[in-house]
Amino acid sequence: QEHQCSCLQTYSDFGPNSGCYGYLCIMTKTIFIGSDHAGFELKHILKDHLRNKGFEVQDKGTHVKDSVDYPDYAHAVAKSVVAEPDSFGIVICGSGNGVNISVNRHKGIRAALAWSEEIAELGRQHNNANVLSLPARFISDDLAIAIVDTFVSTKFEGGRHQLRVNKIELDA
């Protein structure tokens, strides 16, 4: 079955929460989210925002504000995204660098570190990014929400970009 939102994006598989939410079109999609202590507060803001938009959000931790090791939660998100290929991941730490490096170690993950809407958009359009990495200490909550909305609503352009994306994975 095919559905076309009022924004003219077409979906062939959609659930009860799919459709056009003003400027943000979504299919019912799972988003796995994780952070360290520096991203804890922002993670909860984004979880609420995404759930209000109709996404299924699964929190992979941390669940405490105490100092923790960011790779533990980044790896949990990456493993979940790899296991569910139609999902997205969001990882958050102070600079975004640590979680971005960690998730990109996983075969099948293409994470984009974004501090602006344009960078998030390009990560999706040109790199088919399936994980968004955010620097909690360098962006406002409102900007983070705008970045996330851009990321989840932007489609991969394919074409010449697909040829480049195909060259990212290493066999060994």
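What you see is a predicted model; the values in this text were computed from it and never measured.

How each quantity is defined
- Residues numbered from 1 in each chain as written.
- Predicted model: local features only at pLDDT ≥ 70, side-chain atom pairs only at ≥ 80, totals over all residues.
- Heavy atoms only, no water.
- Helix = DSSP H or I, 4+ residues; strand = E, 2+ residues; numbered from the N terminus.
- Contact = heavy atoms within 4.5 Å.
- Areas by Shrake-Rupley, 256 points an atom, 1.4 Å probe, with all protein chains shown as cover.
- 1 Å grid on protein atoms, 1.4 Å probe; cavity = no way out; pocket = protein on both sides within 12 Å on 5 of 7 lines; lining within 4 Å.
- Points joined across faces, edges and corners; volume = space filled by probe spheres on them.
- Nonpolar A, V, L, I, M, F, W, Y, C, P; charged D, E, K, R; others polar.
- Pairing = 2+ DSSP bridges.
- Axes fitted to C-alpha atoms, helices over the stretch in contact; angles between N-to-C directions.
- Expected span 1.5 Å × (residues − 1).
- Buried < 20%, exposed > 50% of the residue type's maximum accessible area, 1.4 Å probe, protein only.
- Salt bridge = Lys/Arg side-chain N within 4 Å of Asp/Glu carboxyl O.
- Core = buried A, V, L, I, M, F, W, Y, C linked by side-chain atoms within 4.5 Å.
- pLDDT = per-residue confidence, 0-100.

(A) Region of the structure containing the overall build of the chain. A count of helices and strands for the chain gives six helices and nine strands. Counting only contacts in the chain whose residues sit at least 6 apart along the sequence, the fraction spanning at least 24 positions is 61%. Of the roughly 8,800 Å² that the chain leaves accessible, carbon and sulfur atoms contribute 48%.

(B) View of the layout of surface pockets. Looking at the second largest pocket, its volume works out to about 180 Å³. Taken together, 10 residues make up the lining of the second largest pocket; nearest its centre are Asn104, Arg105, His106, Lys107 and Glu169. When the residues that make up the lining of the second largest pocket are grouped by side-chain class, the tally is four nonpolar, three polar and three charged.

(C) Summary view of the sheet that holds strand S5 (residues 30–35). The strand order across the open sheet built from five strands is S6-S5-S7-S9-S8, with neighbouring strands paired in parallel fashion. The open sheet has two free edges, formed respectively by strand S6 (56–59) and strand S8 (111–113), since each of these has just one partner strand. Neighbour-to-neighbour, the strand axes of the sheet open up by a mean angle of 20 degrees, direction not taken into account. Direction of pairing for strand S7 (residues 88–93) relative to strand S9 (residues 131–135): parallel, over a ladder of five bridges. Among the inter-strand pairings, Gly89 is bridged to a residue of S9, identified as Val131. Contacting S5, S7 and S9, helix H2 (residues 70–83) crosses the sheet at an angle of about 175 degrees to S7. Relative to S9, helix H5 (residues 141–153) is tilted by about 165 degrees, and along the sheet it contacts S5, S7 and S9.

(D) Inspection of helix H1 (residues 40–52) at higher detail. With 13 residues, H1 should cover 18 Å at 1.5 Å per step; its first-to-last C-alpha distance of 19 Å lies within 8% of that length. Of all the positions in H1, only Phe40, Leu42, Lys43, Leu46, Lys47, His49 and Leu50 are classed as buried. Gly54 occupies a position one or two residues after H1 and carries a positive phi of about 100 degrees.

(E) A look at the pattern of salt bridges. A complete count under the given rule lists four salt bridges for this structure. For Lys47, the salt bridge goes to Asp59, with nearest N and O atoms at 2.8 Å. With Lys47 in helix H1 and Asp59 in strand S6, the pair connects residues that are 12 residues apart, well separated along the chain. By relative accessible area, which is 9% here, Lys47 ends up buried. On the basis of relative accessibility, which here comes to 17%, the residue Asp59 falls in the buried class. Ionic contacts of the salt-bridge type, sharing partners, join the residues Lys43, Lys47 and Asp59 into one network.

(F) Broad picture of the nonpolar core. In terms of nonpolar packing, the biggest core is built from 24 residues, with Leu46, Ile90, Ile92, Leu132, Leu134 and Val148 touching the most fellow members. Elements with a minimum of two residues in this core: S5, H1, S7, S9 and H5. Among the elements that line this core, the one with the most residues is H5, at six residues. Apart from residues no more than four positions distant in its own chain, Ile92 is found in contact with Ile33, Gly34, Ser35, Asp36, Gly39, Leu42, Lys43, Leu46, Val99, Leu134 and Ala136. In this structure, Phe32, Ala74, Val99 and Val131 belong to the second largest nonpolar core, which totals 12 residues.

(G) Here's a closer look at the environment of Ser67. Considering the arrangement of structural elements, one finds Ser67 in the loop between S6 and H2. On the accessibility criterion, Ser67 (64% relative accessible area) is exposed. Placed 30 residues apart in sequence, Ser67 and His37 show a C-alpha to C-alpha distance of 5.5 Å.

(H) Up close: the confidence of the model for the chain. Summing up the model confidence of the chain, the mean pLDDT is 88 and the portion of residues at 70 or higher is 83%. Note on residues 6–18: pLDDT under 50 across the span, and 34 contacts to partners over four residues away in sequence or across chains.

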